[in-house]
Amino acid sequence: MDIYRKVSDIRLRLDKAEGVVGFVPTMGALHCGHLSLVKLCKSATDITVASIFVNPTQFNDSEDYRRYPRNVESDCEMLKNAGCDIVFVPSEEEIYPEPDNRIFDFGNLDKIMEGYFRPGHFNGVAQVVSRLFDIVKPDKAFFGQKDFQQVAIIKAMARQLNLSTKIEVVPTVRENSGLAMSSRNALLTETQQKNAAGISQSLFRAKEAVKQNVSPAHLKNEIAEMINSVPELKTEYAEIVDGKTLEPVSDWNRHSEIFACVAVNIGKIRLIDNIQLK
Ligand code: PAF
């Protein structure tokens, strides 16, 4: 596995590469969820490139940025064992030689849920992903379903910028307890990890409740109540939205794909999760 830190060096290597280039962008602190992206990328492409870069422009909270777990050495070891071919570990200067002042317009997609509670977050995601795509020029890029809204934003960005990169979505990987794997889980104490499983358990129960003909408005309140009944968990939002437009759903029959999405605070850590209801 080759590790590059400079744009010019990775470009030299990729210019010589033959076949389909697959890309797994990450912020490091890798877990089995990331490895499932690498695995799928390997099976669907000829060259697997991963990047590790904690992107400052997508953090609206500087404390969250400072606290974000960083373990580049063990990340590289995991990527090597997973059969990754190339890893890009750029510095901030390599990614942003000049400040990136671009403002994207995603319409409603970034006005709700993560976009509402983390203003500027998705603009930063679009900045860094478009910059990384420009450097790696992948044929296919792989993202986790856990970041449901991020996937919608990246697809919109690729359409707006006329990029030919195909966006592939990979199912969420969960702990045995049901807790969605996330780099932020590393910041939870053992008790918090146990309590945090209440997030996915509430979503699983919500999926069952849909069969009992409860209204979306009622179910969304129930999800928040179920989560809040678990010690330490505080729901920031629970929404039931259309799978493509992310518009709030008020009638199950008017949408072909429907997701329940939540953000939950546990101590100082904020976790997100989602489940497809239809
Ligand atoms: O999902 C993430 O880890 C990040 O948002 C991404 C896509 C790597 C951009 O920094």
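Everything here concerns the structure above.
Okay, so let's go over this structure. In this text, all values refer to a predicted model and were calculated from it rather than measured experimentally.

Before going further, it helps to examine helix 4 (residues 72-81). All of the buried residues in helix 4 are Asp 75, Cys 76 and Leu 79. Along the axis of helix 4, the buried positions cluster into a sector of 100°, meaning they face one direction only. More than 90 degrees from the buried face of helix 4, the exposed residues found are Glu 73 and Asn 81. Of the surrounding elements, those touching the buried residues of helix 4 are strand 1 (2-4), helix 2 (32-44), strand 3 (47-52) and strand 4 (86-88). One or two residues past the end of helix 4 sits Gly 83, with phi positive at roughly 90°.

Time to look at the site of the ligand. In the vicinity of the ligand, the contacting residues are Pro 25, Thr 26, Met 27, Gln 58, Val 128, Phe 143, Asp 147 and Gln 150. Gln 58 places a polar side-chain atom, nitrogen or oxygen, 2.6 Å from an oxygen atom of the ligand. The side chain of Gln 150 places a nitrogen or oxygen atom 2.7 Å from an oxygen atom of the ligand. When the ligand sits alone it has 290 Å² of accessible area, and the protein chains cover 89% of it. Broken down by class, the residue content of the shell around the ligand amounts to 4 nonpolar, 3 polar and 1 charged.

Here we come to empty space enclosed by the protein. This model, assessed by the stated rule, comprises 1 cavity of 30 Å³ or more. Estimated volume of the largest cavity: approximately 50 Å³. Taken together, Lys 146, Leu 179, Ala 180, Ser 182, Asn 185, Ile 199, Ser 200, Leu 271, Ile 272 and Asp 273 make up the lining of the largest cavity. Of all the elements in the fold, those that place two or more residues in the lining of the largest cavity are helix 9 (190-210) and strand 9 (269-276). Sort the elements by how many residues they give to the lining of the largest cavity and strand 9 lands first, with 3 residues. Grouping the amino acids of the lining of the largest cavity by side-chain chemistry returns 5 nonpolar, 3 polar and 2 charged.

A separate point is the packing of helix 1 (residues 7-16) against helix 7 (residues 121-136). Orientation of helix 1 relative to helix 7, taken along the N-to-C sense of each, is 50°, at an axis distance of 9 Å. Taken together, the axes of helix 1 and helix 7 lie oblique to each other. Along its contact with helix 1, which presents Val 7, Ile 10, Arg 11 and Leu 14, the element helix 7 presents Arg 131, Ile 135 and Val 136. Grouping the constituent residues of the contact of helix 1 with helix 7 by class yields 5 nonpolar, no polar and 2 charged.

Let us look at helix 7. Here helix 7 is 16 residues long and its end C-alpha atoms lie 22 Å apart, about the 22 Å a rise of 1.5 Å per residue gives. Within helix 7, 14 of the 16 residues are buried, leaving the element largely enclosed by the surrounding structure. A positive backbone phi angle near 50° is found at Lys 137, which sits one or two residues after helix 7.

What follows concerns the pairing of strand 2 (residues 21-26). Among the 6 residues that make up strand 2, 6 are buried, leaving the element largely enclosed by the rest of the structure. Residues Val 21, Phe 23 and Pro 25 of strand 2 are buried on one face, and the alternating residues Gly 22, Val 24 and Thr 26, pointing to the opposite face, are buried as well. Where strand 2 and strand 3 come together, 6 bridges link them in parallel fashion. If you follow Phe 23 over to strand 3, its bridge partner there is Val 49. Tracing the backbone out of strand 2, into helix 2 and back to the parallel element strand 3 gives a crossover that is right-handed. In terms of strand pairing, strand 2 meets strand 5 (residues 140-144) through 2 bridges, oriented parallel. Of the residues in strand 5, the one forming a bridge with Phe 23 is Ala 141.

With that settled, the discussion passes to the packing of aromatic side chains. Per the stated rule, a full pass over the model turns up 9 aromatic pairs. Relative to Tyr 237, the ring of Phe 117 lies with its centre 5.5 Å away and its plane at 20°, an arrangement referred to as stacked. Here Tyr 237 lies in strand 7 (residues 233-242) and Phe 117 lies in helix 6 (residues 114-117), a separation of 120 residues in the sequence. Note on Phe 117: relative accessible area 32%, which makes it partly exposed. Residue Tyr 237 is classed as buried on the basis of its relative accessible area of 7%. Three or more aromatic residues joined by ring pairs form one cluster here, namely Phe 23, Phe 133 and Phe 143.

Below, the discussion takes up the environment of Leu 14. Along the chain, Leu 14 turns up in helix 1. Among all residues touching Leu 14, those that are not within four sequence positions of it are Val 21, Val 49, Ile 86 and Val 136.

Where empty space is left in the structure can be found by rolling a water-sized probe over the atoms. By volume, the second largest pocket is sized at about 280 Å³. Per-element tally for the lining of the second largest pocket: the top contributor is helix 8 (residues 148-160), with 5 residues. The class makeup of the residues in the lining of the second largest pocket is 7 nonpolar, 2 polar and 4 charged.

Reading the values: the criteria
Residue numbers here run from 1 along each chain, matching the order of that chain's written sequence. pLDDT decides what is reported in this predicted model: residues at 70 or higher carry local features, side-chain atom pairs at 80 or more are listed and counted, and totals for whole chains, interfaces and linings draw on all residues regardless. No hydrogens and no water enter the side-chain calculation; it runs on all heavy atoms of the structure. Classification of residues uses two cut-offs on accessible area relative to the type maximum, computed with a 1.4 Å probe and protein chains only: under 20% is buried, over 50% is exposed, and between them is partly exposed. Only DSSP runs of H or I with at least four residues qualify as helices, and only runs of E with at least two residues qualify as strands; both kinds are numbered from the N terminus onward. The directions considered for the arc are those from the helix axis to the C-beta atoms. Here, residues are in contact when the closest pair of their heavy atoms is within 4.5 Å. Definition of nearness: a residue and a molecule or strand are near each other if at least one heavy atom of the residue lies within 4 Å of the molecule or strand. For the purposes of these results, a polar contact is taken to be a pair of N or O atoms within 3.5 Å, where, inside protein, one atom must be able to donate a hydrogen and its partner to accept one; residues adjacent in sequence count only when each atom of the pair is a side-chain atom. Under the convention used here, a 1.4 Å probe and the Shrake-Rupley method define accessible areas, while residue burial counts only the protein chains that appear. Ten residues, namely Ala, Val, Leu, Ile, Met, Phe, Trp, Tyr, Cys and Pro, are considered nonpolar, four, namely Asp, Glu, Lys and Arg, are considered charged, and the remaining ones, Gly among them, are considered polar. We place a 1 Å grid over just the protein atoms. Points where a 1.4 Å probe fits but has no way out form a cavity, open points with protein on both sides within 12 Å along at least 5 of 7 lines form a pocket, and any residue with an atom within 4 Å of a point lines it. Grid points are joined across faces, edges and corners, and a volume is the space filled by probe spheres set on the points. The axes used here are C-alpha line fits, helices contributing only the stretch in contact, and every angle between their N-to-C directions lies in the interval 0 to 180 degrees. Angles are sorted into four bins: roughly parallel if under 35 degrees, roughly antiparallel if over 145, roughly perpendicular if 65 to 115, and oblique for all others. Take the residue count of a helix, subtract one, and multiply by 1.5 Å to get its expected span. When DSSP finds two or more bridges between a pair of strands, those strands are recorded as paired. Looking down the strands as they point away from the viewer, one classifies a crossover as right-handed if the path from the first strand across the helix to the second runs clockwise. Stacked, edge-to-face and tilted are the three classes for Phe, Tyr and Trp ring pairs, Trp counted by its six-membered ring, which pair at centre distances within 6.5 Å; planes under 30 degrees apart are stacked, over 60 edge-to-face, the rest tilted.

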